[in-house]
Amino acid sequence: MANKNIRSLSSRKELEDNLFENIADLSQRNASTEEFQKLAKRFMVDDSVVVGTSSFYDFTREENRNKKIHVCNGTACMVAKTQDNLNKNLENYFSKDEIGHAACVGHCHTNQAFMFDNKTFSVSNKKELATIISEKTYKKNAYNIGCNTTPILTSKIENTTEFYALAEKFKNNPQQVIEEIKTSNLRGRGGAGFPFWFKLDAVLKEPFNSAQDNTQKYIVCNADEGDPGAYSDMYLMEHQAHKVLFGMYISGLTVGANTGVLYIRGEYPDSIRIVNDAIKKLKEKKLIGNFRFKIIRGQGSYVCGEETALLNSIEGLRPEVRVRPPYPAQYGLFGKPTVLSNVETFANIHWILENGGAEYAKLGTKQSTGTKLVSLDSFFNTPGIYEIEMGTPLKTVFEEYGKGLKSDIKAFQIGGPLGGIVPKHKVADLTLDFESLNENGFLLGHASVVSIPNNFPMIQFLEHLLEFTADESCGKCYPCRIGSFRGKELLQKAQKENYKVDKQLFNDLLETLEIGSLCALGGGVPLPIKNALQYFKDELKPFFTSN
Ligand SMILES: Cc1cc2nc3c(=O)[nH]c(=O)nc-3n(C[C@H](O)[C@H](O)[C@H](O)COP(=O)(O)O)c2cc1C
Ligand code: SF4
């Protein structure tokens, strides 16, 4: 209830005068405490609400406000072992205190990545670094792009006006949109694979009710792509922005929402610029009637990718995960019915409506239809973004598209920090779809692939996963808040001291995380750890007791 009351105050001006944006703005200007207090007063909330929010995010936290450069500490850069050297070289230009960190800036195909001057870079040598720092020279983030089937997400849009004209055919026929999407069996690409039509149907059925202040509905695009190793949403925003925007627009027309919000992570400044330009063009060309788009810039937090934390974040509240039900379809942004989905999910919609849901369903497998973008990291000979028909053998993806590996790899983490650790020999058993990965004890997630080289200790990788979870936990439930921290401590101790982790205790900890966590951050991290304990038993044996 407390949150409901604060929400009604913090969101009085909803997106027009947004509390979260105001807090981010003050933090960026390193404003005084008095200015933060004034903001709280203006929104009629307690100072603690504003402090609670500003102290949460990497980029708004007081101790980080003087950072001039942010070095990527994502998993792909970590396993490539490029960042110590980068940090050292940066100390020639910045004091240690001015160098901050960012969790994955989406250069997993090259590494040595950082964010500077509101842009992201990767460098291959000291000279390049010097040029960037002194001249702020900007090089476009380039990577391979390919497709093994009918291109849905990677095809070129020839004419934007014609592309948006498709909306005319469907704008007064919400049931037809829902039917086509239902026939296509499009499932959410953000990780959980939830049927998209169901969200449209649920929000359409929510009545407008002015007595209960239900006069508005929202479309929210989850563009927080926090999984280190994933840069496919970044690809879509930077190369296919109109596919994403059209998907949101037609969803709005279908459910009766006139506003679409894109929550784009702050670590993707280029995506923000490009999507913003695309929105401007739409307005200039008058292609979307009264529909309005709004971009909210994330401020550095993985858990904000979780849908309800994301909603709280937009509202300027501390982004703790909400208890469900109610679901966003009933009680979403500012408490209003909301369709919230991932970038790639929205990007599929134009093709489905243009070609028909049945045509879409012919691609892929029965339960996993269509295509999936796969992000390959720098250990592949041709890293990049590949649009792959669901059901394709993973081996084919790695060999025909990634063109094999540059060095010896023992495993792959597929689907982000909560995705499974697939040992190299299991790749041959898997196909790229929800079911194959699930049935084999892994996860499709966002289909990012981070390679774990032979010489990277698995114990260190597991420590990284627990540290990541501990750092990013929203703190709402104690199994995750305390459990991830204790797990990290145990693995650190086992590496530094003459100490073995009690296996039974560790298994109990994983079970507590799995069944006692409110969301899939705490609940999901045991999966890759269990995979590693199963497949890398011998390597991990020295760190655990034998019971
Ligand atoms: C810790 C955590 C982080 C998440 N991060 C993302 C993310 O970055 N992008 C995303 O689309 N979904 C993310 N999700 C999943 C969302 O909660 C949600 O299921 C998804 O956005 C729904 O869209 P979809 O149905 O199109 O997949 C995350 C979930 C959790 C638990
Ligand atoms: S599992 Fe972690 S991130 Fe999720 S609600 Fe609990 S504390 Fe928050």
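Here's what I pulled together on the structure shown here. (Residues numbered from 1 in each chain as written. Chains lettered and ligands numbered in written order. Predicted model: local features only at pLDDT ≥ 70, side-chain atom pairs only at ≥ 80, totals over all residues. Heavy atoms only, no water.)

**Structural notes on helix α6 (residues 83-90)**
An α-helix turns once per 3.6 residues; consequently, residues spaced three or four apart project the same way.
Argument step 1. Restricting attention to buried positions, one finds in α6 the residues Gln-83, Leu-86, Asn-87, Asn-89 and Leu-90. The arc that holds every buried residue of α6, seen down its axis, measures 165°, which confines them to one face. Of the exposed residues in α6, the ones pointing more than 90 degrees away from its buried face are Asp-84 and Lys-88. (Buried < 20%, exposed > 50% of the residue type's maximum accessible area, 1.4 Å probe, protein only. Helix = DSSP H or I, 4+ residues; strand = E, 2+ residues; numbered from the N terminus. Arc of directions from axis to C-beta.)

**Things to note about the site of ligand 2**
Argument step 1. Neighbouring ligand 2 are 13 residues; Ser-473, Cys-474, Cys-477, Cys-480 and Cys-519 lie closest to it.
Argument step 2. In a pocket analysis with a 2 Å cut-off to the grid points, ligand 2 is assigned to the largest cavity.
Argument step 3. Taken together, the residues that form the shell around ligand 2 break down as eight nonpolar, four polar and one charged. (Near = heavy atom within 4 Å. 1 Å grid on protein atoms, 1.4 Å probe; cavity = no way out; pocket = protein on both sides within 12 Å on 5 of 7 lines; lining within 4 Å. Sits in = over half its atoms within 2 Å of the grid points. Nonpolar A, V, L, I, M, F, W, Y, C, P; charged D, E, K, R; others polar.)

**Looking at the layout of surface pockets**
Argument step 1. The volume enclosed by the largest pocket comes to roughly 1300 Å³.
Argument step 2. Around the largest pocket, the lining comprises 49 residues; the ones closest to its centre are Gly-190, Gly-191, Ala-192, Gly-305 and Glu-307.
Argument step 3. For the lining of the largest pocket, the secondary structure elements donating two or more residues are α10 (196-205), β9 (338-342), α19 (434-439) and α23 (520-524).
Argument step 4. Per-class residue counts for the lining of the largest pocket are 19 nonpolar, 19 polar and 11 charged. (Points joined across faces, edges and corners; volume = space filled by probe spheres on them.)

**Topic: the site of ligand 1**
Argument step 1. Within the structure, ligand 1 sits among 19 residues, and Gly-190, Lys-199, Asn-222, Asn-342 and Thr-345 are positioned closest to it.
Argument step 2. Between Arg-189 and ligand 1, the recorded distance is 3.4 Å, taken from a backbone N or O atom to an oxygen atom.
Argument step 3. A total of 610 Å² of accessible area belongs to ligand 1 in isolation, and the protein chains cover 90% of it.
Argument step 4. Most atoms of ligand 1, that is more than half of them, are within 2 Å of grid points of the largest pocket.
Argument step 5. Per-element tally for the shell around ligand 1: the top contributor is β9, with three residues.
Argument step 6. Taken together, the residues of the shell around ligand 1 sort by class into four nonpolar, nine polar and six charged. (Polar contact = N/O pair within 3.5 Å; in protein donor to acceptor, adjacent residues only side chain to side chain. Areas by Shrake-Rupley, 256 points an atom, 1.4 Å probe, with all protein chains shown as cover.)

**Brief notes about the pattern of salt bridges**
Argument step 1. Per the counting criterion, the structure on display carries 26 salt bridges.
Argument step 2. Between Lys-68 and Glu-98 there is a salt bridge, with the nearest N and O atoms lying 2.9 Å from each other. With Lys-68 in the loop between α4 (47-54) and β1 (69-72) and Glu-98 in the loop between α6 and β2 (99-102), the pair connects residues that are 30 residues apart, well separated along the chain.
Argument step 3. Between Arg-324 and Glu-307 there is a salt bridge, and its shortest N-O distance comes to 3.1 Å. Remark: Glu-307 occurs in helix α14 (residues 307-314) and Arg-324 occurs in the loop between α14 and β9; sequence separation between them is 17 residues.
Argument step 4. One network of salt bridges, in which partners are shared, links Arg-7, Glu-315 and Arg-322. (Salt bridge = Lys/Arg side-chain N within 4 Å of Asp/Glu carboxyl O.)

**Overview of the nonpolar core**
Argument step 1. If you look at the biggest cluster of nonpolar residues, it comprises 147 residues, and the most contacted ones within it are Leu-262, Phe-293, Ile-421 and Phe-506.
Argument step 2. The greatest single-element share of this core, amounting to eight residues, is contributed by helix α12 (residues 241-255).
Argument step 3. Counting 13 residues, the second largest nonpolar core, distinct from the first, contains Ile-69, Val-71, Phe-121 and Val-123. (Core = buried A, V, L, I, M, F, W, Y, C linked by side-chain atoms within 4.5 Å.)

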